[in-house]
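# Structural characterization, general
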Amino acid sequence: MFGQLGEATKYLGQAARMLIGIPDYDTYVQHVKTTHPDQPVMTYAEFFRERQQARYGGDGKGGMRCC
């Protein structure tokens with residue numbers, strides 16, 4: 001029972017992050033290790049910051065700015 005609850009929580013968290021435009025970090029790590037083994041894996045904080053920057057911009061590299 002608790003195993004299923006844990007899995008449901010994991011998938012709900014992934015869905016919530018996708019809804020607001022933040023890809024899943026675990027999926028990113030697996031992708032980098034599989035397809036780009038020569039590249040370093042970003043930390044979660046770096047990943048989060050990079051995804052926010054890509055989505056919302058603000059440094060002149062595209063995306064939207066609020067103010």
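Now for a quick tour of the structure. Because the structure is predicted, anything quoted here is derived from the model rather than measured. (Residues numbered from 1 in each chain as written. Predicted model: local features only at pLDDT ≥ 70, side-chain atom pairs only at ≥ 80, totals over all residues. Heavy atoms only, no water.)

## With respect to the overall build of the protein
Each helix and strand counted, the protein has three helices and zero strands in total. When its helices and strands are written in sequence order, the protein yields α-α-α. Taken over 67 residues, the protein has a buried fraction of 13%. By sequence separation, contacts in the protein at least 24 residues apart represent 18% of the contacts at least 6 residues apart. Surface summary for the protein: the accessible area is close to 5,600 Å², and the carbon and sulfur share equals 61%. (Helix = DSSP H or I, 4+ residues; strand = E, 2+ residues; numbered from the N terminus. Buried < 20%, exposed > 50% of the residue type's maximum accessible area, 1.4 Å probe, protein only. Contact = heavy atoms within 4.5 Å. Areas by Shrake-Rupley, 256 points an atom, 1.4 Å probe, with all protein chains shown as cover.)

## Observations regarding helix α3 (residues 44–56)
For α3, spanning 13 residues, the distance from its first C-alpha to its last is 18 Å, which sits close to the expected 18 Å at 1.5 Å a residue. Of the residues flanking the end of α3, it is Gly-57, one or two places downstream, whose phi is positive at about 65°. (Expected span 1.5 Å × (residues − 1).)

## Re the side chain of Asp-24
Structurally, Asp-24 is set in the loop between α1 (2–19) and α2 (25–35). Exposure remark for Asp-24: the relative accessible area of 11% places this residue in the buried category. Asp-24 has contacts with Gln-14, Arg-17 and Phe-47, leaving out every residue within four places of it along the chain.

## Some details on α2
Those residues of α2 lying buried are Tyr-25, Tyr-28, Val-29 and Val-32. When α2 is viewed along its axis, its buried side chains cluster within an angular range of 100° and face the same direction. Exposed residues lying more than 90 degrees from the buried face of α2 are Asp-26, Gln-30 and Thr-34. Buried residues along α2 sit against α3. (Arc of directions from axis to C-beta.)

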